[in-house]
Amino acid sequence: MSRQRVLFITIDFHKEDEIKESFSVASIISYCQNKGIDWIVTRISINANSCVANQIREIRPQLIENDIVMFGLYSWSEKYAKLIIENKTINNVLCFGGYNVCRSNIKELEKKYPEVNHFIVGYAEESVYQLVTNINSNKVLNNGIDEKYLGGIYGNKILELNDSIRTIRFFTKLGCFYQCDYCAHRDVNKNLIVSIPLDKVKLDLALIKNYNIDKVNFIDPTFNLQENYLEITKYLVEICFPHLVSLQVSFNSISDDFLDLCEKLNCVLEFGVQDINEMITEKVNRRQKMETVNLVISKLNKRKIKHELSFIFGLPYQTIEHVEEDIKWVNEHIDPKICKIVFNRLMILQGTTLYNRKEEFLIIEEEVDGIPFVKETKWMNQQEMCKVLVRLKDLKYIVE
Ligand SMILES: C[S@@+](CC[C@H](N)C(=O)[O-])C[C@H]1O[C@@H](n2cnc3c(N)ncnc32)[C@H](O)[C@@H]1O
Ligand code: SF4
């Protein structure tokens, strides 16, 4: 049988100093190659901030040259799904995957896009492998990952660097153990965590150590979960990892052992606070004790460990006064020399609990660059939301 020709199309927000190709697609390709797949694979990453429709029309020759076309469905890319369908050839097998394909909306998607041959729910690594190798030809694929084949993106040279690339992404695991109602950085279907084998993580890190770059963003939604993270941090210290490392972490499981290692590392720890009011965090299924948060912050300040705190505005039960209390808390607790504050406007994402409770919370959204942001809730009207936006922009707490 001739080799399958597989084309991945994603629409991504390109950053000047980062690799333009999709990191998620790189992980899928690395996984399939670790399993020994024999295919011809091509990737196209369209810049979300360009004229996407024109670019889709221009890639028609590549669609003609391929058998399977995989399209990444996300909140910002879904509006181009119809155009992908219009431009596909009769011979293309079309497959949609990505965060916007979830167990909760799959029936809807099947009805909305009858031309799509396959949908991949959840982590796509194993499902893509099974589809391309004809092991599985179900309309909806939802296969669990075999962890031993995960990773090796840099060792396998899936993502190539050049001198203009200063920041790269890396991951040691996918998914998060918590289930915050607004969050889609986790597996919203089965809440699974899958980890790259430790020896493979170390191999890639040893390689990255010698790259001419400035920063490695670990994209693990919560790095300090499960057992390997301490070992990985220890390894970074041991090999004198020279680049700045950013780690997304949870206040709930910050140990002194971990902080001892962070002190020896060029790192920035990124914590979510969301809101300092425990009633509000509890309402979105987030277990967070401010006593713990305050204790960790005081340790970070004492040890002079760089960190970033992210908040969300527009949450259920959150009023304009709550946001003012958050700002007051920030002024009283953080050291601006080592701490950056970011306020994120709530996005209502497919597959999350909040997505299903929009009506109950009287949530009204507006699209900015295709991303659905909250502009009104039962607790904050549009004028108040605007006021909050202006106030946070003035404080430079909103990243634009
Ligand atoms: C991966 S989390 C941070 C680390 C850690 N997992 C935690 O929750 O503390 C990244 C940040 O993205 C923001 N975020 C996640 N989902 C969001 C949503 N639906 N709308 C707006 N911001 C969101 C939150 O502020 C969150 O802290
Ligand atoms: S916000 Fe953080 S802790 Fe909550 S589910 Fe998402 S990644 Fe996990």
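Everything here concerns the structure above.
Since the model is a prediction, treat every value here as computed from it, not as a measurement.

**With respect to the site of ligand 2**
Surrounding ligand 2, one finds Cys 176, Tyr 178, Cys 180, Tyr 182, Cys 183, Arg 186, Pro 221, Thr 222 and Arg 286. The residue makeup of the shell around ligand 2, split by class, is six nonpolar, one polar and two charged.

**Some details on the site of ligand 1**
Around ligand 1, a shell composed of 17 residues is seen, among which Pro 221, Thr 222, Gln 274, Arg 286 and Ser 310 lie nearest. Between a nitrogen atom of ligand 1 and a side-chain N or O atom of Thr 222, the distance comes to 2.8 Å. Gln 274 is positioned with one of its side-chain polar atoms (N or O) 2.8 Å from an oxygen atom of ligand 1. Across the complex, the protein chains shield 92% of the 570 Å² of accessible surface that ligand 1 would expose by itself. Listing elements by their share of the shell around ligand 1, those giving two or more residues are β11 (244-249), β12 (267-274), β13 (306-313) and β14 (339-345).

**Some details on the sheet that holds β14**
Reading across from one edge, β7-β10-β11-β12-β13-β14 is the order of the six strands in this open sheet, with parallel pairing throughout. The open sheet has two edge strands, β7 (167-170) and β14, and neither has a second partner. Averaged over all neighbouring strand pairs, the angle between strand axes comes to 25 degrees, with direction disregarded. Sheet analysis places β11 next to β12, joined by five bridges and oriented parallel. Bridge pairing in β12 links Val 249 to Phe 271. Sitting on the sheet, helix α7 (residues 198-209) touches β7 and β10 (215-218), and the angle it makes with β7 is about 175 degrees.

**Overview of the sheet that holds strand β6 (residues 140-141)**
One open sheet holds the six strands; their spatial order is β2-β1-β3-β4-β5-β6, and the pairing between them is parallel. Lying at the two open borders of the sheet, with one neighbouring strand each, are β2 (39-47) and β6. Relative to β6, strand β5 (residues 118-120) runs parallel, the two being bridged by two bridges. Paired with Ile 120 across the two strands is Leu 141, which belongs to β6. The strands touched by helix α1 (residues 23-34) within the sheet are β1 (4-12) and β2, with β2 carrying the most contacts at an inclination of about 170 degrees. Its contacts with the sheet place helix α6 (residues 125-132) against β1, β2, β3 (68-72), β4 (93-97), β5 and β6, and it is angled at close to 160 degrees to β3.

Parameters at a glance
Residues numbered from 1 in each chain as written. Chains lettered and ligands numbered in written order. Predicted model: local features only at pLDDT ≥ 70, side-chain atom pairs only at ≥ 80, totals over all residues. Heavy atoms only, no water. Near = heavy atom within 4 Å. Nonpolar A, V, L, I, M, F, W, Y, C, P; charged D, E, K, R; others polar. Polar contact = N/O pair within 3.5 Å; in protein donor to acceptor, adjacent residues only side chain to side chain. Areas by Shrake-Rupley, 256 points an atom, 1.4 Å probe, with all protein chains shown as cover. Helix = DSSP H or I, 4+ residues; strand = E, 2+ residues; numbered from the N terminus. Pairing = 2+ DSSP bridges. Axes fitted to C-alpha atoms, helices over the stretch in contact; angles between N-to-C directions. Contact = heavy atoms within 4.5 Å.

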